[in-house]
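Okay, here's what each chain looks like letter by letter:
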Amino acid sequence: MAKRIIKDYKAETQHIIDWIKDYFCQNAGPDTKAVIGISGGKDSAIVAYLCAAALGKERVVGVKMPCGEQHDIDCADRVIKELGIDDYEINIKSMFDAMINELQTGTDYMGMGINAIKRVEYNIQPRLRMTIVYAVAAALGGRVANTSNYSERYIGWSTKWGDGVGDFAPLAHYTVEEVLKIGKELGIPDELLYKIPEDGLTGSSDEEAIGVEYAIIDNFIRRTDLPNYDACRLIREKHKINMHKIQAQRIPAPYPHLEWDDSGLYASAGEDTDWF
């Protein structure tokens, strides 16, 4: 089966770096900073490395936002230390607890049922974090980097108006497989790149919570190898039901240079900047 691939990851990585430079030239001043929520996962690490390469470390700020204790915050610390960027740590636990208390006081929150309660609580944290990142960006005169990748975005694996937003989105059109290869090109340590992705909310890995492996989603997106019927149906259903997120949260993002692997034909559509 013909598949669409990126053939030159060195050139592709430079393409994203150049795109970030151009975005800041067009949408910011010479001292405007990129502000990034650093979670300890691969995506925020890669975005931080890309922004540092594009703008210089003095124009990149990392924001750590644990909710109480965060078992892998050392990974976020490592990214910040290796890049030498400025950082802030703001614990959201008291804000989260206060919001839950107010919901319990002002609504029939506890009578909504366990599934509704989980939905509310799982989505409050990402929205609090994005509020904080935008507050830091406002204080510094910065631009907020979205760190979502295409595999997550395609199935709606984000919180609307939480981790699904930002001012620019360097990875929005790159699958997990492509993001990992970009991370390798940037020289990011394997321990950060290949750490099992967690949702940070339920204690589950991303893939356990989603119900399908990222490799299968990537293959579906790039038509490398269509999955079995059940997986294909699940991916299509998740994509369809989450279109309200994709359509509402439109962010400037670079588009990858894709080619057909068996013909060499250019397969990318649109301009260098698409909207995620």
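Here, the structure is the one placed above.
Just so you know, these numbers come straight off a predicted model, no measurement behind them.

Cut-offs and rules
- Residues numbered from 1 in each chain as written.
- Predicted model: local features only at pLDDT ≥ 70, side-chain atom pairs only at ≥ 80, totals over all residues.
- Heavy atoms only, no water.
- Pairing = 2+ DSSP bridges.
- Helix = DSSP H or I, 4+ residues; strand = E, 2+ residues; numbered from the N terminus.
- Contact = heavy atoms within 4.5 Å.
- Salt bridge = Lys/Arg side-chain N within 4 Å of Asp/Glu carboxyl O.
- Buried < 20%, exposed > 50% of the residue type's maximum accessible area, 1.4 Å probe, protein only.
- Axes fitted to C-alpha atoms, helices over the stretch in contact; angles between N-to-C directions.
- Parallel < 35°, antiparallel > 145°, perpendicular 65-115°, else oblique.
- Nonpolar A, V, L, I, M, F, W, Y, C, P; charged D, E, K, R; others polar.

1. Describing the sheet that holds strand β4 (residues 86-89)
Hydrogen bonding along the main chain pairs the strands of a sheet, whether they run parallel or antiparallel.
Reasoning step 1: Spatially, β4-β3-β2-β5 is the arrangement adopted by the 4 strands of the open sheet, whose pairing is parallel. Strands at the two margins of the open sheet, each flanked by one partner only, are β4 and β5 (143-144).
Reasoning step 2: In this structure, strand β3 (residues 60-64) lies alongside β4, joined through 4 bridges in parallel fashion. Bridge pairing in β4 links valine 63 to tyrosine 88.

2. Some remarks on the side chain of threonine 175
Reasoning step 1: Mapped onto the fold, threonine 175 is located in the loop between α6 (150-155) and α7 (176-185).
Reasoning step 2: Filtering out sequence-adjacent residues up to four positions away, threonine 175 remains in contact with Tyr150, Ser151, Asp218, Ile221 and Arg222.

3. Some points on the pattern of salt bridges
Reasoning step 1: Scanning all chains against the criterion turns up 13 salt bridges.
Reasoning step 2: A salt bridge links glutamate 82 to arginine 78; the nearest nitrogen and oxygen atoms lie 2.9 Å apart. Within this pair, glutamate 82 and its partner arginine 78 are both found in helix α3 (residues 73-83), separated by 4 residues, close to a single helical turn.
Reasoning step 3: Residue glutamate 82 is classed as partly exposed on the basis of its relative accessible area, which comes to 42%.
Reasoning step 4: One network of salt bridges, with partners in common, ties together Lys64, Asp77, Asp87 and Glu89.

4. Some words on the environment of isoleucine 155
Reasoning step 1: Looking at where isoleucine 155 falls in the secondary structure, it is placed in helix α6.
Reasoning step 2: Spatially, the C-alpha atom of isoleucine 155 lies 33 Å from that of lysine 57, the residues being 98 residues apart in sequence.
Reasoning step 3: Those residues within four positions of isoleucine 155 in sequence are excluded, and the remaining contacts are Ile210, Ile217, Ile235, Lys238, His239 and Asn242.

5. Focus: the environment of tryptophan 260
Reasoning step 1: With respect to the helices, strands and loops of the structure, tryptophan 260 is situated in strand β7 (residues 259-260).
Reasoning step 2: Distance from tryptophan 260 to lysine 7, taken between C-alpha atoms, is 9.4 Å for residues 253 residues apart in sequence.

6. Some details on helix α10 (residues 214-222)
Reasoning step 1: For α10, the complete set of buried residues consists of Tyr214, Ile217, Asp218, Phe220, Ile221 and Arg222.
Reasoning step 2: Residues of α10 that are buried in the fold lie against β1 (4-5), α6, α7, α9 (206-210) and α11 (229-241).
Reasoning step 3: Residue arginine 223 follows α10 closely and has a positive phi angle near 60°.

7. Side note on the packing of helix α1 (residues 9-27) against α7
Reasoning step 1: Remark: α1 packs on α7, axes separated minimally by 9 Å, with the N-to-C direction vectors making an angle of 90°. It follows that α1 is roughly perpendicular to α7 by the angle criterion. In contact with Tyr9, Lys10, Thr13 and Ile16 of α1, α7 contributes Glu178, Lys181, Ile182 and Glu185.
Reasoning step 2: Counted by class, the contact of α1 with α7 contains 3 nonpolar, 1 polar and 4 charged residues.

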